[in-house]
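A look at the structure
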Amino acid sequence: MTKSDSYEMFVEMDNVDGDVKIKKKKKMKKKEKLESMKKEMDIDDHEITLEELEMRYSTSITKGLSSTFAQEVLERDGPNELKPPKGTPEYVKFARQLAGGLQCLMWVAAVICFIAFGIEISKGEISGYDDLYLAITLIAVVVVTGCFGYYQEFKSTNIIASFKNLVPQQALVIRDGQKNQINANLLVVGDLVEIKGGDRVPADIRVITSQGCKVDNSSLTGESEPQTRSPECTHESPLETRNIAFFSTTCLEGVATGVIINTGDRTIIGRIASLASGVGNEKTPIAIEIEHFVDIIAGLAIFFGFTFFVVAMFIGYAFLEAMIFFMAIVVAYVPEGLLATVTVCLSLTAKRLARKNCVVKNLEAVETLGSTSVICSDKTGTLTQNRMTVAHLWFDNMIHAADTTEDQSGQSFDQSSETWRALGRVASLCNRAVFKPNQETVPIPKLSIHELEDPLDLRYLLVMKGAPERILERCSTILIKGQELPLDEQWKEAFQTAYMDLGGLGERVLGFCHIYLNEKEFPRGYTFDTDEMNFTTSGLCFAGLISMIDPPRATVPDAVMKCRTAGIRVVMVTGDHPITARAIAANVGIISEGSETVEDIATRLRIPVEQVKKSDARACVINGGQLKDMTSDELDDALRNHPEMVFARTSPQQKLIIVESCQRLGSIVAVTGDGVNDSPALKKADIGIAMGIAGSDAAKNAADMILLDDNFASIVTGVEQGRLIFDNLKKSIAYTLTKNIPELTPYLIYITVSVPLPLGCITILFIELATDIFPSVSLAYEKAESDIMHLKPRNPRRDRLVNEALAVYSYFQIGAIQSFAGFTDYFTAMAQEGWFPLLCVGLRSQWEDVRLQDLQDSYGQEWTYSQRLYQEYTCYTVFFVSIEVCQIADVLIRKTRRLSAFQQGFFRNKVLVSAIVFQLCLGNLLCYCPGMPNIFNFMPIRVQWWFVPLPYGILIFVYDEIRKLAVRRHPGSWWDQELYY
Amino acid sequence: MAKGDKKNEWKEFFWNPRTREFCGRTASSWGLIFLFYLAFYIFLAGMFILTMYVMLLTLDDNKPTYQDRLATPGLMIRPKGEEMEIIYAKENTESWDTHVQALNSFLSPYNDSVQEQKNYACKPDQYFKQEDSDSVKNNPKRSCQFRRSILEDCSGLTDRYYGYDEGKPCIIIKLNRVIGMLPGKDGQAPSISCAPKKYKIGKDEWIDDTDKMGEVAYFPRNGTFNLMYFPYYGKKAQVNYSQPLVAIKFLNITLNTEINVECKIIANNIPNLNERDKFAGRVSFKLRINSRN
């Protein structure tokens, strides 16, 4: 396809959308462009005659281009290489980490702090640098979490970068009638190139001459068998015809020359690659969940902040004070450590997966796999080994199954028969043996002639393989149990049955025969001439049939089975032929035993296909041709009606359409693939999984996850880990959210009741970012409560990460208990130092008066401002300690959502135990390390104040055990509905 | 279209006439959840009140459980002035009248008549301890007299303007009350000593206003707090406690200059060097007397 052609196509599409939608033109334009790309590509370079071809590209099929003209074309079209997909600039990536919902809120809080500090300075009354510290801390928190997220992303990108193949490719080009070896990126349209076995095809070429040339198109079309390339146009579709070889496919054997018709991004591969980069990256389900919940949190924070801003103004606080209250409420309510927790939890799972050879490019993809409900799997190289392997043999009138496992560990057949020895010898001799050049396309069987190893036997052995019916034509005897028997009608029928059976398995069948040439006619030294055929080629002895298939990987059937128990539907989407696809699908269990297609039912009942009720057929095989004529509604219907689907002969565009259709039906779609043809679908999928060994770079680039060992079974591990992390993230978030209430209530009480401030902002940040991080991360190590691989995938619309029950239970129940614990401890500390609860009420303005150095407490003692300030710090510390003690109870109850903590075991999660120890140690360090009072406002508190909140901690634990017991005992009850999160 | 849908969705969420749901719940569902939370919070509040009650039971009426912050008692001056600054013009009566008023009202409970009527003339120079016997509380406790006249020239009895009109102002220093505090060990009474405050003018260069401050007179003599005023037993047990005062009079202060004065308590068991708290065991203030001559 020429450049102008492709433009024409786009222009056409632009016109269409220009009429219809004017408003969202730009957005639509892009979409339409994609739509047009999704359509089949149409080029006619394969249909025109060579003369027309020469005309079109002003070239010669004997001498090639002239060097000067080639130079001009190169300048016009650019080098022959795929433009790397446009990456996001690094600074944008980093900036994105700093501009999330919560981050923005924290920026606002920091700015308020700065403003407050600035106003204080300008007034000349610096009561302290607290506001400044707080602003700096907030910014530091945002930046550090941002750096952390960026680092995670950067690390995984680097893994991918290492896959890139940097060796420049060479190509043999004929210019000015001379052969030159040049870099492949200098090739231009019209160049005459020569390829031979082992080369990579340097561009899309129209084949001019060919000598037994075969290419491996598996990465493009999914066909495992080598494809013959010859000068004739055999199909109107450019993808099917034999006279076009595609860029980046490999020439396996033979030689060919051809004219380049497309270079660089305009090649088929290039267009698929740009199709992939044009497909927008879908937001991962977990990203949607987190966004959903961050929005709610941010909204609530602003709502609370604003309400109390208004309340404060109404009560009569100054504007600046009210602003600081707003800021403090935002700081107290926003879970600063949450994003870090989520990132760490996800990267822990990513690490765990990496150990199992799944590399995750995008952290969030870890969870996506857990919510996956449909896997669209490519066949070749993903489900299968991508190498033709002997699957069945027919000899002695029996079909023998061969071992097709990767490591030859399976059961083998009985190899004692004489016939097997003969067949084996023929097969091994006929392997890449000499064959007649230029006649490969003629269905003449391959043959070769060998001396025998036995020195006494001077006969030559002629062996031959080929299409079974052709071979049979040349045979007059058949080898049965080592005996040559005449080939009568009965044997011929047996042969036919076997041939049909093997063909029906989707396997490629070859026939083998041999003959011992007469010693006298062909003595040693006889020159065999394959051109003149001066030897016997008929009356041979038929040895047997060997059928080959690209066998499924050993681990796949089991993995598919596990996916099914986990409620995940596996759909096969391949470029290969329907029969082969179906055979493999049946083999690996994508089409389960006993499932029938509409066609099967029709044959069984002997009725026309149209009369079969579609819903009766569990399985369905649709090929690319049928798919082309289907509307998207019909496709949706097909996917809805048939649980077991196989799509064969699909183009990359169609793969994309299938993925979209699944997504329309509300599924979360995983796509596995290895070839370039899979890359658009990989990109479009909620999670794209590429094969690490067999996978092409394009596939790896488009994927979110890479299976380093190409083991499909790793996906099952991934699903399990994904589901586990979803459950555990829920627990982590519930744990993290709970403490926001005891952080918030002190401010609310402070503003409304005017008690001395019970908890400072810096202390809150210490809870959020120091002591509670490790326990909340440790919940990621929690074992599953039930067999998660026997549950259905979660419904993305119903089963939210943070649902109402979770928020309500955390905020209004556990959080409320924690608040009461904090206030009990606060009033205790105040009362024991001389400030009775009732005196505290309304004390605020005097308490905070810097000039008042002799404020009387309940006993009549007089306190200076500093003494009161340190007492306030004591209160902060006491409140902090209360939250810590309650959070220990909280982390214990969050271990399970349904099971009793006793059933789950307290010490099984070692990380959690050490996290609690760590939390206590850190709390003690903050309290008792010298110098803390003046740096971080922590005071060495009396030991007994640690124990005041203990009853509340016990209450939390007991209450949650009761809740779980009721949830277990009475599923579906009011209690279950309201209190199970 | 989509906008209308969303609006409808909200409307439906707010009040769904089909299912009779308000904000996603029916009336009975709301009632149930309300009852649940009512019970829950009543229980929590009950627990809170119980724990608070138990905690309050442990408290002593007369002595705080802990006095962690009050190791060093605070010092304070009267009159306080604005921001610890006493600035006035000698000739301008209005500029110092407020200070005189403040001192008058501050000293009125110390009038000799009031003191003699309410308080007990204790034996000076020793602690006035009134310990409780094991079971019987020795309440109410008596307080020692602190007569205003002890302050002599600064009592406002002889000089009703406390020297403000002459440019020889009196400043009264009081020690914060702390229950059970016994300042001064071995019978040595704590005393106040005032000195010009050192301030920094450059790197490692400190100066003070010694020459400008001139002589200072202390009332009572040596600026001591007599031991008999200690210990303090709290406002409940010792209702009429009069905390001891020390007055200082600047006798020949340089006029028309700002002078920084720092007064410290000198007692062998009170640390007064707390860097952070500028009022613990010390007090500093700024004094400036303007005059036309």
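Residues numbered from 1 in each chain as written. Chains lettered and ligands numbered in written order. Predicted model: local features only at pLDDT ≥ 70, side-chain atom pairs only at ≥ 80, totals over all residues. Heavy atoms only, no water.

Some details on the overall build of chain A
Here is the rule we go by: Per the convention used, a helix needs a DSSP run of H or I reaching at least four residues, while a strand needs a run of E reaching at least two, with both numbered from the N terminus. Relative accessibility under 20% of the residue-type maximum defines a buried residue, over 50% an exposed one, and the middle range a partly exposed one, all with a 1.4 Å probe and only protein chains included. Any two residues whose heavy atoms approach within 4.5 Å at even a single point are treated as in contact. Only the protein chains shown count as cover for residues, and the accessible areas themselves come from Shrake-Rupley with a 1.4 Å probe.
Assigned secondary structure in chain A consists of 37 helices and 25 strands. Counting across all 981 residues of chain A, residues that qualify as buried make up 56%. Long-range pairs, those at least 24 residues apart, make up 73% of the contacts in chain A between residues at least 6 apart in sequence. Carbon and sulfur atoms provide 57% of the accessible area of chain A, an area that totals close to 41400 Å².

Comments concerning the nonpolar core
Note the following rule: Among buried residues, those of type Ala, Val, Leu, Ile, Met, Phe, Trp, Tyr and Cys that are joined through side-chain atoms within 4.5 Å constitute a nonpolar core. As used throughout, domain bounds are those supplied by an automatic or database domain assignment.
Of all hydrophobic cores here, the largest spans 241 residues; its most connected members are A:Ile590, B:Tyr164, B:Ile192, B:Ile248, B:Phe250, B:Cys263 and B:Phe285. Among the elements that take part in this core, helix α32 (residues 865–894) of chain A stands out by supplying 16 residues, more than any other. Domain assignment of the residues forming this core places at least three in each of domain 1 (3–57) and domain 2 (75–290) of chain B. In this structure, A:Cys376, A:Met645, A:Val669 and A:Ala699 belong to the second largest nonpolar core, which totals 25 residues.

Some details on the UniProt feature "transmembrane region" (unreviewed entry) in chain B
Definition in use: UniProt positions are given in the numbering used here, feature names are shortened, and annotations may be inferred rather than shown by experiment.
Annotation from UniProt places "transmembrane region" (unreviewed entry) at residues 34–59 of chain B. For residues 34–59 of chain B, the helix share is 96%, the strand share is 0%, and the end-to-end C-alpha distance is 37 Å.

Brief notes about the domain arrangement of chain B
Looking at chain B, the domain boundaries give domain 1 (3–57) and domain 2 (75–290). For domain 1 of chain B versus domain 2 of chain B, the distance between C-alpha centres works out to 59 Å.

Some details on helix α22 (residues 652–664) of chain A
Residue and element names in this part refer to chain A. For clarity, the threshold we go by: Expected span of a helix: the number of residues minus one, times 1.5 Å.
Compared with the 18 Å implied by 1.5 Å per residue over 13 residues, the 19 Å span of α22 between its first and last C-alpha is a close match. Burial of α22 is extensive: eleven of the 13 residues sit out of reach of the surface. When we look at burial in α22, the residues that qualify are Pro-652, Gln-653, Gln-654, Lys-655, Leu-656, Ile-658, Val-659, Glu-660, Ser-661, Cys-662 and Gln-663. Within two residues after α22, Gly-666 carries a phi angle of roughly 90 degrees, on the positive side.

Section: the interface of chain B and chain A
Many descriptions give the size of an interface as the accessible area lost when the pieces come together. Put simply, the test is: Buried area is calculated as the accessible area (1.4 Å probe) missing from two parts once they are joined, with the contributions of both summed. Basic side-chain nitrogens of Lys or Arg form a salt bridge, by our definition, when they fall within 4 Å of a carboxyl oxygen of Asp or Glu.
Between chain B and chain A, the residue contacts involve 49 residues of the former and 48 residues of the latter. A per-residue breakdown of the area chain B buries against chain A is headed by B:Phe48, B:Tyr66 and B:Arg69, which together make up 18% of the total. Across the contact surface, chain B and chain A share seven salt bridges. In this structure, the salt-bridge partner of A:Glu862 is B:Lys174, at a minimum N-O distance of 3.5 Å.

What to know about the packing of aromatic side chains
For the record, the criterion: Aromatic contacts are taken between Phe, Tyr and Trp rings whose centres are within 6.5 Å, Trp giving its six-membered ring; a plane angle under 30 degrees counts as stacked, one over 60 as edge-to-face, and the others as tilted. As a reminder, the over-ring test applies to NZ of lysine and CZ of arginine, requiring each to be within 6 Å of the ring centre and within 35 degrees of the ring normal.
Scanning the model with the defined rule gives 50 aromatic pairs over all chains in all. By the ring-pair criterion, three or more aromatic residues cluster together here, those being A:Tyr809, A:Tyr959, A:Trp974, A:Trp975, A:Tyr981, B:Phe36, B:Tyr37, B:Phe40 and B:Tyr41. The aromatic ring of A:Tyr809 is capped on one face by A:Arg963, whose charged end is 4.7 Å from the ring centroid. Sitting over the face of the ring of B:Trp30, B:Arg25 holds its NZ or CZ atom 5.5 Å from the ring centroid.

What to know about the sheet that holds strand β3 (residues 25–26) of chain B
Residues and elements named next belong to chain B. Basically, it comes down to this: Paired strands, in this sense, are two strands between which DSSP finds at least two bridges.
On the basis of which strands lie adjacent, the open sheet formed by three strands has the order β1-β2-β3 and antiparallel pairing. At either end of the open sheet lies a strand with only one pairing partner, and these are β1 (15–16) and β3. With two bridges joining them, β1 and strand β2 (residues 21–22) adopt antiparallel strand pairing. The partner of Trp-15 across the bridge, within β2, is Phe-22.

Thoughts on unusual backbone geometry
In this structure, B:Pro220 follows B:Phe219 across a cis peptide bond, with omega equal to -10 degrees. Mapped onto the elements, B:Pro220 comes out in the loop between β10 (216–219) and β11 (245–250). The peptide bond linking B:Phe230 to B:Pro231 adopts the cis configuration, its omega dihedral lying at -5 degrees. Mapped onto the secondary structure, B:Pro231 falls in the loop between β10 and β11. A positive phi angle, near 40 degrees, is found at A:Ser58, a position not held by glycine.

Looking at the state of the cysteines
Defined as follows: Two cysteine sulfurs form a disulfide in these notes if their separation is within 2.5 Å.
This structure, assessed with the given rule, holds three disulfides over all chains. Each disulfide pairs two cysteine sulfurs, and for B:Cys194 the partner residue is B:Cys263, the sulfurs being separated by 1.8 Å. Classification of the bridge connecting B:Cys194 and B:Cys263 rests on its S-S torsion, roughly 105 degrees, and on that basis the disulfide is right-handed. One end of the pair, B:Cys194, is in strand β7 (residues 191–196); the other, B:Cys263, is in strand β12 (residues 258–266), and 69 residues separate them in sequence. Using a relative accessible area of 9% as the deciding quantity, one classes B:Cys194 as buried. With no disulfide of its own, A:Cys620 lies closest to A:Cys662 among cysteine sulfurs, the gap being 13 Å. Taking the relative accessible area as the measure of exposure, A:Cys620 reaches 11% and is therefore buried.

Observations concerning the sheet that holds β12(B)
To summarise the sheet geometry, strands pair through backbone hydrogen bonds and adopt either a parallel or an antiparallel arrangement. Residue and element names in this part refer to chain B. The condition that has to hold: As a rule, the C-alpha atoms of each element are fitted with a line to give its axis, helices using only the stretch in contact, and angles between N-to-C directions run from 0 to 180 degrees.
Strand order in this open sheet of four strands is β5-β13-β12-β7, and the pairing throughout is mixed. Each of the sheet's edge strands pairs with one partner strand only, and the pair in question is β5 (85–89) and β7. Within this sheet the neighbouring strands show an average axis-to-axis angle of 25 degrees, counted without direction. Bridge count for β7 against β12 is six bridges, and the pairing is antiparallel.

Here's the deal with the side chain of A:Arg868
Residue and element names in this part refer to chain A. This is how the line gets drawn: Within this scheme the basic residues Lys and Arg register as positive and the acidic residues Asp and Glu register as negative, but His and the chain ends are omitted.
Tracing the chain through its elements places Arg-868 in helix α32. Lacking a salt bridge, the buried Arg-868 has Asp-849 as its closest oppositely charged neighbour, with an N-O distance of 6.0 Å. Apart from the residues lying within four places of it in its own chain, the contact partners of Arg-868 are Trp-835, Gln-846, Trp-847, Asp-849, Leu-852, Leu-855 and Trp-863.

Overview of the confidence of the model for chain A
Filter applied, for reference: A residue's pLDDT is the confidence the predictor assigns to it, expressed on a 0 to 100 scale.
Per-residue pLDDT for chain A averages 82, and the proportion of residues at 70 or more is 88%. Predicted confidence for residues 432–445 of chain A stays below pLDDT 50, and this span has 19 contacts to residues more than four positions away or in other chains.

Brief notes about the environment of B:Leu107
Residue and element names in this part refer to chain B. Inspection of the secondary structure puts Leu-107 in helix α3 (residues 93–107). When the C-alpha positions of Leu-107 and Arg-148 are compared, they lie 6.9 Å apart, and in sequence the two are 41 residues distant. Once residues within four sequence positions are removed from consideration, Leu-107 is found in contact with Arg-148, Leu-151, Cys-154, Ser-155, Tyr-162, Ile-172 and Leu-245.

Considering the confidence of the model for chain B
Chain-level pLDDT for chain B is 86 on average; 97% of the residues reach the 70-or-more range. Both scores are available for the predicted complex, with the pTM at 0.81 and the ipTM at 0.93.

Considering the pairing of β11(B)
All names here are of chain B. Of all the six residues making up β11, six are buried; the element is thus mostly covered by neighbouring parts of the structure. Residues of β11 alternate between two faces, with Leu-245, Ala-247 and Lys-249 on one and Val-246, Ile-248 and Phe-250 on the opposite face, all of them buried. Taken together, the five bridges between strand β6 (residues 170–175) and β11 define a ladder with antiparallel strand orientation. If you follow Ile-171 over to β11, its bridge partner there is Ile-248.

Observations regarding the packing of helix α6 (residues 101–123) of chain A against helix α10 (residues 285–315) of chain A
Residues and elements named next belong to chain A. Definition in use: An angle below 35 degrees is read as roughly parallel, one above 145 as roughly antiparallel, one from 65 to 115 as roughly perpendicular, and any other as oblique. Under the grouping applied here, Gly and all other residues not named as nonpolar or charged are polar, the nonpolar ones being Ala, Val, Leu, Ile, Met, Phe, Trp, Tyr, Cys and Pro and the charged ones Asp, Glu, Lys and Arg.
Here α6 crosses α10 at 25 degrees, and the two axes come no closer than 9 Å. On the basis of their axis angle, the class for α6 and α10 is roughly parallel. Judged by residue contacts, Gly-101, Leu-102 and Leu-105 of α6 engage Val-294, Ile-297, Ala-298, Ala-301 and Ile-302 from α10. Here the contact of α6 with α10 is composed, by residue class, of seven nonpolar, one polar and no charged.

Digging into a nonpolar patch on the surface
Residue and element names in this part refer to chain A. Selection rule: Nonpolar side chains (Val, Leu, Ile, Met, Phe, Trp, Tyr) within 5 Å and like charges within 9 Å form the patches, drawn only from residues with over 30% relative accessible area and no salt bridge.
Judged by side-chain polarity, Tyr-928, Val-943, Phe-947, Leu-950, Ile-954, Val-958 and Ile-962 come together as a nonpolar surface patch covering roughly 640 Å² of accessible area. For the nonpolar patch, the element with the most residues is helix α36 (residues 950–969), which contributes four residues. Inspection of the secondary structure assignment puts Val-943 in the loop between α35 (932–936) and α36.

A few points about the pattern of salt bridges
All names here are of chain A. Under the counting rule described, the total for this entry stands at 40 salt bridges over all chains. Among the ionic pairs, Lys-731 bridges to Glu-785, the shortest N-O distance being 3.3 Å. Here Glu-785 lies in the loop between α28 (773–778) and α29 (804–832) and Lys-731 lies in helix α25 (residues 713–738), a separation of 54 residues in the sequence. Given a relative accessible area of 1%, Lys-731 falls into the buried group. A relative accessible area of 19% means that Glu-785 is categorised as buried. Across the pair Glu-961 and Lys-964 runs a salt bridge, and its minimum N-O distance is 3.9 Å. Of this pair, Glu-961 and Lys-964 both sit in helix α36, three residues apart, which is roughly one turn of that helix. Considered together, Glu-961 and Lys-964 belong to a single accessibility category, that of buried residues. Through salt bridges with shared partners, one network takes in Glu-289, Glu-367, Arg-794 and Arg-800.

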